[in-house]
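Survey of secondary and tertiary structure
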Amino acid sequence: MVEWSDQERSIITSIFASLDYEDIGPKALSRCLIVYPWTQRYFGGFGNLYNAEAIKTNPMIGAHGIKVLHGLDRAVKNMDDIKNTYAELSVMHSEKLHIDPDNFRLLADCLTIVIAAKMGTAFTADIQAAFQKFLSVVVNALGRQYH
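Residues numbered from 1 in each chain as written. Predicted model: local features only at pLDDT ≥ 70, side-chain atom pairs only at ≥ 80, totals over all residues. Heavy atoms only, no water.

Of regular secondary structure, the protein possesses eight helices and zero strands. Sequence-ordered secondary structure for the protein, helices as α and strands as β, is α-α-α-α-α-α-α-α. In the protein, buried positions account for 44% of the 147 residues. Working note: accessible area of the protein is about 8100 Å², and carbon and sulfur atoms make up 55% of it. (Helix = DSSP H or I, 4+ residues; strand = E, 2+ residues; numbered from the N terminus. Buried < 20%, exposed > 50% of the residue type's maximum accessible area, 1.4 Å probe, protein only. Areas by Shrake-Rupley, 256 points an atom, 1.4 Å probe, with all protein chains shown as cover.)

So, in structure tokens, the structure goes:
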């Protein structure tokens, strides 16, 4: 089980409380698909993904990016039991969708970059450390089914 300090809990909660999901979600997923183009293979049914502009303006990509952020809400609300909170989602991503678990880490990195850009100088090293610890726990929980 992961130990969370009061400061870490506060940081994670405040980040998610101030997020504009409709802005951050699509930007993070679009960045992942553009920077790591091999991740596009999981989105074959999402239409035109032929270039960066097509990806950034694709409404299905935007909607899925928002859905991913709302999925992270579950982890924020269940920080003491993220592994079990994501057990079903882990099974779905591994057994039904066959997503390579390393892609969760890539998306987490892109989300960190987008949030850091949005927060600017307020994204201090302490905030980054807490946020990346949180995302690492989520990524491990999502990849759990693969082990």
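This part is about the environment of Thr 85. Along the chain, Thr 85 turns up in helix H5 (residues 82-85). According to the relative accessible area criterion, Thr 85 is buried, its value standing at 14%. In this structure the C-alpha to C-alpha distance between Thr 85 and Val 138, which are 53 residues apart in sequence, comes to 9.6 Å. Thr 85 has contacts with Arg 74 and Asn 78, leaving out every residue within four places of it along the chain. (Contact = heavy atoms within 4.5 Å.)

Mapped onto the elements of the fold, Asn 103 is located in helix H7 (residues 102-119). Not counting residues within four places of it along the chain, the set of residues in contact with Asn 103 comprises Trp 38, Thr 39 and Tyr 42.

We now examine the confidence of the model for the protein. Looking at the protein, pLDDT values average 90 and 90% of them are 70 or higher. Highest mean pLDDT in the protein belongs to helix H2 (residues 21-35) (98); lowest belongs to helix H6 (residues 87-96) (65). (pLDDT = per-residue confidence, 0-100.)

Interaxial distance between helix H1 (residues 6-18) and helix H8 (residues 125-142) falls to 9 Å at its minimum, and their mutual angle equals 85°. Here H8 runs roughly perpendicular to H1, going by the angle between their axes. In this structure, H1 uses Gln 7, Glu 8, Ile 11, Ile 12, Ile 15 and Phe 16 to contact H8, whose residues at the interface are Asp 126, Ile 127, Ala 130, Phe 131, Lys 133 and Phe 134. Tallied by class, the residues present in the contact of H1 with H8 amount to eight nonpolar, one polar and three charged. (Axes fitted to C-alpha atoms, helices over the stretch in contact; angles between N-to-C directions. Parallel < 35°, antiparallel > 145°, perpendicular 65-115°, else oblique. Nonpolar A, V, L, I, M, F, W, Y, C, P; charged D, E, K, R; others polar.)

What follows deals with the state of the cysteines. If you walk through the whole model with that rule in mind, you get zero disulfides. Its sulfur unpaired, Cys 32 is 4.5 Å from the next cysteine sulfur, which belongs to Cys 110. (Disulfide = S-S within 2.5 Å.)

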